[in-house]
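Residues per chain, in single letters:
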Amino acid sequence: MSITIDLSGECALVTGAGAGIGAEIARWLARAGAHVAVHDIREKEASSVVTSILREGGRAFAVVANARDDAALTGMIDDVADRFRGRLTIAVNNIGMYGEFSPGPFTELDGDHWRGLLEQNIVITALAGAAEARHMIASGGGVILNVSSGETTRPAPFMSAYAAAKAAINHLTQTMAVELGPYGIRVVAIAPGTTMTETVVEVLDQDHVDALVDATPLRRMTEFDELARLSVFLVSDLARCITGQLILADAGAHLSRSRPANRSASKND
Ligand SMILES: NC(=O)c1ccc[n+]([C@@H]2O[C@H](COP(=O)([O-])OP(=O)(O)OC[C@H]3O[C@@H](n4cnc5c(N)ncnc54)[C@H](O)[C@@H]3O)[C@@H](O)[C@H]2O)c1
């Protein structure tokens, strides 16, 4: 007997899927058979992910919107649901990271930094989740997967605002699961370890990468496909009893007491 994951017939949206982890999740959802809406603020990047999916024989289309514009975000989700004839069955809220901000010491973070990171992470995830859930309630259910971070499970020096905003996603995931469960909607979250996306490569120097690897039980970073495989499992029927859970995929990094500080990000060093 073999076990396969078949998402054919499922209609999925992945936000921020023009690059990095979101792009890989979109590709793997399509490989499992889902029809995928690839969202990003960058049209060229979203289209290029769609092209790679179509080339493999999958089904996908691109949608462009700035998720920090509430009306544009909600409008994009409504458009995607329309294109799926009302059946949005899988939604991955992947947008996050730093936007135009950079990691830095707690004592140097100003209000713009705090508000910016809360918006980029928890506010976008919450507003997207609400719009997605409205469609899922109307069509009889679905799965929402929020992308959190391994940095929510331990102190994260120089990343205080980011980690706090991501920790809010963990709590939101539980509350959404309780409110939306009766409508047949599961809500789960993944917590990736450090993954070498374009954005991360820009802020990590080699010494910091070495320190992270040394502090990680499996002595390596997290790979893109590992997060995508986990996501495919969580949105599939194999995980049908799982809701309100945060699943860590970080090569064990959460077991070290504190993330090694990225001192290269300190304006004082
Ligand atoms: N890379 C890591 O090490 C890591 C670790 C833990 C958690 N995460 C989380 O994983 C998720 C993806 O991270 P990533 O490193 O792949 O990100 P990334 O920055 O590499 O890519 C994110 C994509 O989102 C798009 N995007 C950003 N802001 C947008 C907006 N306002 N509207 C529309 N599109 C927007 C970007 O254009 C980009 O294509 C984030 O939530 C991040 O916080 C990443």
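Note that the coordinates shown come from a computational prediction; the quantities given were computed from them, not determined experimentally. (Residues numbered from 1 in each chain as written. Predicted model: local features only at pLDDT ≥ 70, side-chain atom pairs only at ≥ 80, totals over all residues. Heavy atoms only, no water.)

(A) Molecular detail of the overall build of the protein. A count of helices and strands for the protein gives 8 helices and 7 strands. Relative to a compact globule of 269 residues, whose C-alpha radius of gyration would be 18 Å, the protein shows 18 Å and is just as compact. Its C-alpha atoms put the protein at 55 × 45 × 40 Å along the principal axes. Here the protein holds 269 residues, and 52% of them are scored as buried. For the protein, the share of sequence-separated contacts (at least 6 apart) that also reach a separation of at least 24 residues comes to 75%. Here the protein carries 23 positive and 32 negative side-chain charges, and the mean point of each set is 4 Å from the other. (Helix = DSSP H or I, 4+ residues; strand = E, 2+ residues; numbered from the N terminus. Rg over C-alpha atoms; globule rule 2.2 N^0.38 Å. Buried < 20%, exposed > 50% of the residue type's maximum accessible area, 1.4 Å probe, protein only. Contact = heavy atoms within 4.5 Å. Lys, Arg positive; Asp, Glu negative; His and termini not counted. Charge placed at Lys NZ, Arg CZ, Asp CG, Glu CD.)

(B) Layout of the packing of helix α1 (residues 20-31) against helix α8 (residues 224-235). Axis separation between α1 and α8 bottoms out at 8 Å; the angle between their running directions is 50°. Between α1 and α8, the crossing angle belongs to the class labelled oblique. Relative to α8, the crossing made by α1 is right-handed. Between α1 and α8, the contacting residues are Gly20, Ile21, Glu24, Ile25, Trp28 and Leu29 on the first element and Phe224, Asp225, Leu227, Ala228, Arg229, Ser231, Val232 and Val235 on the second. (Axes fitted to C-alpha atoms, helices over the stretch in contact; angles between N-to-C directions. Parallel < 35°, antiparallel > 145°, perpendicular 65-115°, else oblique. Left-handed = near helix turned anticlockwise from the far one by under 90°.)

(C) Structural context of the nonpolar core. Within the largest apolar cluster, 35 residues are counted, with the highest numbers of intra-cluster contacts made by Leu29, Val36 and Val38. Put simply, the parts of the chain that give this core at least two residues each are β1 (11-14), α1, β2 (35-40), α2 (43-55), β4 (90-93), β5 (142-147), β6 (185-192) and α8. With 7 residues, the top contributor of residues to this core is α1. Excluding residues within four positions of it along the chain, Val38 makes contact with Val14, Ala17, Ala26, Ala46, Val49, Val50, Ile53, Ala60, Phe61, Ala62 and Val63. Within the second largest apolar cluster, 26 residues are counted, among which are Phe61, Ile77, Ala128 and Ala131. (Core = buried A, V, L, I, M, F, W, Y, C linked by side-chain atoms within 4.5 Å.)

(D) Summary view of the site of the ligand. Around the ligand lies a shell of 30 residues, among which Asp40, Asn94, Tyr162, Thr195 and Thr199 are the nearest. The separation between an oxygen atom of the ligand and a polar main-chain atom of Ile21 is 2.8 Å. Contact between the ligand and Asn66: a nitrogen atom at 3.1 Å from a side-chain N or O atom of the residue. With the chains in place, 92% of the 830 Å² that the ligand exposes on its own is no longer accessible. Judged by its atoms lying within 2 Å of the grid points, the ligand is housed in the largest pocket. Going through the elements one at a time, α1, β2, α5 (160-180) and α6 (198-203) are the ones with two or more residues in the shell around the ligand. Among the residues making up the shell around the ligand, the classes are represented as 11 nonpolar, 15 polar and 4 charged. (Near = heavy atom within 4 Å. Polar contact = N/O pair within 3.5 Å; in protein donor to acceptor, adjacent residues only side chain to side chain. Areas by Shrake-Rupley, 256 points an atom, 1.4 Å probe, with all protein chains shown as cover. 1 Å grid on protein atoms, 1.4 Å probe; cavity = no way out; pocket = protein on both sides within 12 Å on 5 of 7 lines; lining within 4 Å. Sits in = over half its atoms within 2 Å of the grid points. Nonpolar A, V, L, I, M, F, W, Y, C, P; charged D, E, K, R; others polar.)

(E) Broad picture of the side chain of Gln120. As for its placement among the helices and strands, Gln120 is situated in helix α4 (residues 111-139). With relative accessibility at 11%, the residue Gln120 sits in the buried group. Once you skip the residues sitting within four places of it in the chain, Gln120 turns out to touch Arg68, Ile95, Gly96, Met97 and Gly99.

(F) Local environment of the packing of α4 against α5. With their axes 8 Å apart at the nearest point, α4 and α5 run at an angle of 20° to one another. When the interaxial angle is binned, α4 and α5 end up roughly parallel. Handedness of the crossing formed by α4 with α5: right-handed. Where α4 abuts α5, its residues His113, Trp114, Leu117, Leu118, Asn121, Ile122, Thr125, Ala126, Gly129, Ala133 and Ile137 lie against Ser160, Ala161, Tyr162, Ala164, Ala165, Lys166, Ala168, Ile169, Leu172, Met176 and Leu180.

(G) Focus on a negative patch on the surface. Together, Asp205, Asp207, Asp210 and Asp214 make up a negatively charged patch on the protein surface. A residue is classified by how much of its surface remains accessible, and Asp207, at 62% relative accessible area, is exposed. (Patch = residues over 30% accessible without salt bridge, like charges linked within 9 Å, V, L, I, M, F, W, Y side chains within 5 Å. Salt bridge = Lys/Arg side-chain N within 4 Å of Asp/Glu carboxyl O.)

(H) Focus on the sheet that holds β2. An order of β3-β2-β1-β4-β5-β6-β7 is seen for the 7 strands of this open sheet, with the pairing classed as parallel. On the outer flanks of this sheet lie β3 (59-64) and β7 (246-249), each paired with one strand and no other. Taking each pair of neighbouring strands and ignoring which way they run, the sheet shows an average axis angle of 20°. Where β6 meets β7, 4 bridges bridge the pair, whose relative direction is parallel. Counted as the bridge partner of Ala189 is Leu246 from β7. Of the strands in this sheet, β2 and β3 are in contact with α2, which crosses β3 at around 175°. With respect to the sheet, helix α3 (residues 70-83) is in contact with β1, β2 and β3, its orientation differing from that of β3 by roughly 155°. (Pairing = 2+ DSSP bridges.)

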